Amino acid sequence: MVDVLLGLQWGDEGKGKIVDVLAPQYDVVARFQGGPNAGHTIKFDGKKFVLHLIPSGIFHAGTDNLIGNGVVIDPVILRKEIEGLNDAGIPVAERLLIARRATIIMPTHKLLDAASEKAKGDKKIGSTLKGIGPSYRDKVGRYALRIGDIASPNFKEKYAEAVERHKVLLAAYGMEADYAEMEKAFFEAIEFLSNIRLTDSERFVQQAITDGRKILAEGAQGTMLDIDFGSYPYVTSSNTISAGACTGLGVAPNQIGRVYGIFKAYCTRVGSGPFPTELHGETGETLRAAGSEFGATTGRPRRCGWMDLVALKFAVRINGVTDLIMTKADVLSVLETIRIADKYKVDGETTEWLPYDLESNIEPQYRDFAPWQSDITEIRSEGEIPASLKKYMEYLFAELNVPISFLSVGPDREQTLDMRTY
Ligand code: GDP
Ligand code: IMO
Ligand code: MG
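Counting secondary structure elements, the protein contains 12 helices and 20 strands. Taken over the C-alpha trace, the protein has a radius of gyration of 21 Å; the compact-globule value for 422 residues is 22 Å, and the two agree within 12%. For the protein, the C-alpha atoms occupy an extent of roughly 65 × 50 × 40 Å along the three principal directions. Taking the intrachain contacts of the protein between residues at least 6 apart in sequence as the baseline, contacts between residues at least 24 apart amount to 76%. Working note: accessible area of the protein is about 17,700 Å², and carbon and sulfur atoms make up 49% of it.

Next up on the list: the pattern of salt bridges. Any two side chains of opposite charge can pair, so long as their charged atoms come close to each other. By the definition in use, this model includes 25 salt bridges. Between Arg101 and Glu202 there is a salt bridge, with its nearest N and O atoms 3.1 Å apart. Pair noted here: Arg101 is in the loop between strand S7 (96–99) and strand S8 (103–104) and Glu202 is in helix H8 (residues 201–210), with a separation of 101 residues, a long-range link. By relative accessible area, which is 40% here, Arg101 ends up partly exposed. Exposure remark for Glu202: the relative accessible area of 23% places this residue in the partly exposed category. As a salt-bridge pair, Asp138 and Arg165 come within 3.4 Å of each other at their nearest N and O atoms. Linking Asp138 in helix H5 (residues 132–140) with Arg165 in helix H6 (residues 155–172), this pair joins segments that are 27 residues apart in sequence. For Asp138, a relative accessible area of 9% puts it in the buried group. What emerges from the salt-bridge pattern is a single network uniting Asp12, Lys264, Glu293, Arg302 and Lys328.

Turning next to H8. Think of an α-helix as 3.6 residues a turn; residues three or four steps apart then line up on the same face. Inspection of H8 places Ser201, Phe204, Val205, Ala208 and Ile209 among the buried residues, and these make up the whole buried set. In an axial view of H8, the angular spread of the buried residues amounts to 130°, which keeps them on one side of the axis. Seen from the buried face of H8, the exposed residues on the opposite side, beyond 90 degrees, are Arg203 and Thr210. Gly212 occupies a position one or two residues after H8 and carries a positive phi of about 75°.

So, about the coordination of the magnesium ion (ligand 3). The coordination sphere of the magnesium ion (ligand 3), as far as protein atoms go, consists of Asp12 (OD) and Gly39 (O), spread over 2.1 to 2.2 Å. Placement of Asp12 in the loop between strand S1 (2–7) and helix H1 (15–22) and of Gly39 in the loop between strand S2 (28–31) and strand S3 (40–44) is noted, with a sequence separation of 27 residues between them. You can call Asp12 partly exposed: its relative accessible area is 22%. Classification of Gly39 as buried rests on a relative accessible area of 11%.

Turning to the site of ligand 2, a few remarks are in order. Close to ligand 2 lie 21 residues, the nearest being Asp12, Lys15, His40, Thr128 and Thr236. Side-chain polar atom of His40 to an oxygen atom of ligand 2: 2.7 Å apart, as the coordinates give it. Ile125 is positioned with one of its backbone polar atoms (N or O) 3.4 Å from an oxygen atom of ligand 2. In isolation ligand 2 has 560 Å² of accessible area, and contact with the protein removes 97% of it. Residue composition of the shell around ligand 2, by class: 8 nonpolar, 10 polar and 3 charged.

Note on strand geometry: in a regular strand, side chains alternate between the two faces of the sheet. Burial along S7 is two-sided: Leu96 and Ile98 and Leu97 and Ala99, pointing in opposite directions, are all buried. Looking at chain direction, strand S5 (residues 64–67) and S7 are connected through 3 bridges and run parallel. The residue of S7 that forms the bridge with Leu66 is Leu97. In terms of strand pairing, S7 meets strand S9 (residues 197–199) through 3 bridges, oriented parallel. Looking at the pairing, Ala99 lines up with Thr199 of S9.

Among the 19 residues in the neighbourhood of ligand 1, the closest are listed as Gly14, Lys15, Thr41, Asp330 and Ser408. One of the side-chain N or O atoms of Thr41 is found 2.5 Å from an oxygen atom in ligand 1. If you list the elements that add at least two residues to the shell around ligand 1, you get H1 and S3. Considering each element in turn, the shell around ligand 1 owes the most residues, 3 residues, to H1. A class-by-class count of the residues in the shell around ligand 1 yields 4 nonpolar, 8 polar and 7 charged.

Glancing now at the packing of helix H4 (residues 107–120) against H6. Where H4 meets H6, the closest approach of the two axes is 10 Å, and the angle between their N-to-C directions is 15°. With respect to each other, H4 and H6 are oriented roughly parallel. Read as a crossing pair, H4 and H6 show a hand that is left-handed. Contact residues: H4 offers Pro107, Thr108, His109, Leu111, Leu112 and Ala115, while H6 offers Tyr159, Val163, His166, Leu169 and Leu170.

Okay, the packing of H4 against H5 next. It is the contact of H4 with H5, at a shortest axis distance of 7 Å, that shows an interaxial angle of 115°. Note on packing geometry: the crossing formed by H4 with H5 is right-handed. Facing H4, whose interface residues are His109, Leu112 and Asp113, H5 presents Ile132, Gly133, Pro134, Ser135 and Asp138. Residue composition of the contact of H4 with H5, by class: 3 nonpolar, 3 polar and 2 charged.

With that out of the way, let us pick up the environment of Tyr143. Mapping Tyr143 onto the fold places it in the loop between H5 and H6. Tyr143 gets classed as partly exposed once you look at its relative accessible area, which sits at 48%. Between the C-alpha atom of Tyr143 and that of Lys123, which follows or precedes it by 20 residues, the distance is 27 Å.

Parameters at a glance
- All chains use their own residue numbering, which begins from 1 and follows the written sequence.
- Chains and ligands are labelled by the order in which they are written, letters from A for the one and numbers from 1 for the other.
- In view of the model being predicted, local features appear only for residues whose pLDDT reaches at least 70, and side-chain atom pairs are presented and counted only at 80 or more, with totals across whole chains, interfaces and linings using the full set of residues.
- Excluded from the side-chain calculations are hydrogens and water; all other atoms, namely the structure's heavy atoms, are used.
- The helix count covers DSSP runs of H or I at least four residues long, the strand count covers runs of E at least two residues long, and both are numbered beginning at the N terminus.
- With C-alpha atoms as the basis for the radius of gyration, the globule rule is written as 2.2 Å multiplied by the number of residues raised to the power 0.38.
- Here a residue-residue contact requires only that any non-hydrogen atoms of the pair lie within 4.5 Å.
- Accessible surface area values rest on a Shrake-Rupley calculation with a 1.4 Å probe, where residue burial reflects the displayed protein chains alone.
- What counts as a salt bridge is simple: a side-chain nitrogen of Lys or Arg found within 4 Å of a carboxyl oxygen of Asp or Glu.
- Buried, partly exposed and exposed residues are distinguished by accessible area as a fraction of the type maximum, computed with a 1.4 Å probe on protein chains only: under 20%, between the cut-offs, and over 50%, respectively.
- Directions are taken from the helix axis to each C-beta atom, and the arc is the one they span.
- Each metal's donors are the N, O and S atoms found within 2.8 Å of it, except that Na, K and Ca use a 3.2 Å limit; water is left out, so coordination can look incomplete.
- Nearness is defined per residue: one heavy atom within 4 Å of the molecule or strand is enough.
- Under the rule applied, a polar contact is a pair of N or O atoms within 3.5 Å (in protein, one hydrogen donor and one hydrogen acceptor; residues adjacent in sequence only if both atoms are side-chain atoms).
- Each residue is assigned to one of three groups, with Ala, Val, Leu, Ile, Met, Phe, Trp, Tyr, Cys and Pro labelled nonpolar, Asp, Glu, Lys and Arg labelled charged, and all others, Gly among them, labelled polar.
- Only when DSSP finds a minimum of two bridges between them are two strands counted as paired.
- Each axis is a line fitted through C-alpha atoms, and for a helix only the stretch in contact is used; angles between axes span 0 to 180 degrees, taken between their N-to-C directions.
- Here the word oblique covers every angle except those under 35 degrees (roughly parallel), over 145 (roughly antiparallel) and from 65 to 115 (roughly perpendicular).
- Two helices cross in a left-handed way if the nearer one is turned anticlockwise from the farther one by less than a right angle. They cross in a right-handed way if the turn is clockwise.

Here you go:
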């Protein structure tokens, strides 16, 4: 069986932390979409790691970490990430596998990303500029280079053809660059990756299932950034929802077991686009400071807001969430009033279902909750949860009809309450 863990909001819900916590219960941890736009933070033993392409099971001996076919890979970033982990004593090559069908991000994809964002002006998406959109565009356009092509004797020709195509586009945008420098780093990284095992992810995963091995699929970004169901066009370029685990690894729908949906006790968003419950004033600033809400990939300040139950309900439904994981409840300790938006008023009409256009005239309707205003970072059992936080959680359970299986009360691996009843 394949269990899936994914974000229910706009990303950065704490996926990396929880995958690392769950990893010892799995034989394989696999990324199924996205690329180095992701930044997954893991803390333990006073150390901090931020992973972009490597699955968050990499710190556990005996766990295979697979970068699946649905992922877009920047060889230069992957090399840097592997070297950084090797320096910290993690034997990455023993634990990592890459799908041959995964798409390669070329240096020119990053230039195209920058050119496209610049051309969009104040309508820019706020992309991480890692070449995600342009590389997925080439994949869907049937032009992309894939990891398996590296072994081909005419890989360099294929690469050169793609660069020529990209140069035409870049010229249209009026963009010029030093291609030689970028190419050098790219081909050195390609060479470096020859030390990493390649596989056909569908075959690897199917064999693992046959052998009774347990697989955890690790999502990147979040449901509200999904290419189909997110706040389009302010989204990323892949399916971040549970269905993406099927196409991004080669898994059938009936091979999916649990779906862990992770969310913060409030909301954040980095980049542009609608955010109905965003807090523009002092409360938002307080949350950003208390939650250290700065992007793990770009360092940009994250926009902060109240929990959005309309968006969360939508996310729980379309992902088929079986278990909820709430993170960063400790951050809300700094507030005197806590709110949840339980409905939207759209053009005067009340709705609990996410509307097509999130940029329309939405007025979130709020419900107030008593604060907990106490340090919960040291609690480790359900009995220690303050009564007001318990009420907050009970309300969410009643509304979402899915149990909260884990509560995270701090960034460290240890700061986690396992409340599973199975
Ligand atoms: P991801 O992209 O979903 O893996 O999340 P990020 O790593 O981008 O952002 C989550 C941030 O919150 C990181 O800095 C984590 O170390 C931190 N974090 C995770 N869980 C908790 C928690 O329960 N409490 C607090 N205070 N921080 C947390
Ligand atoms: P993790 O996995 C938060 C956002 C960007 C931008 C939009 C498109 O760490 O949760 P892209 O680079 O994909 O073209 O950017 O999506 N974004 C993320 N926001 N967490 C992420 O990943 C994100 N990956 C992309 O800020 O608004
Ligand atoms: Mg992140």
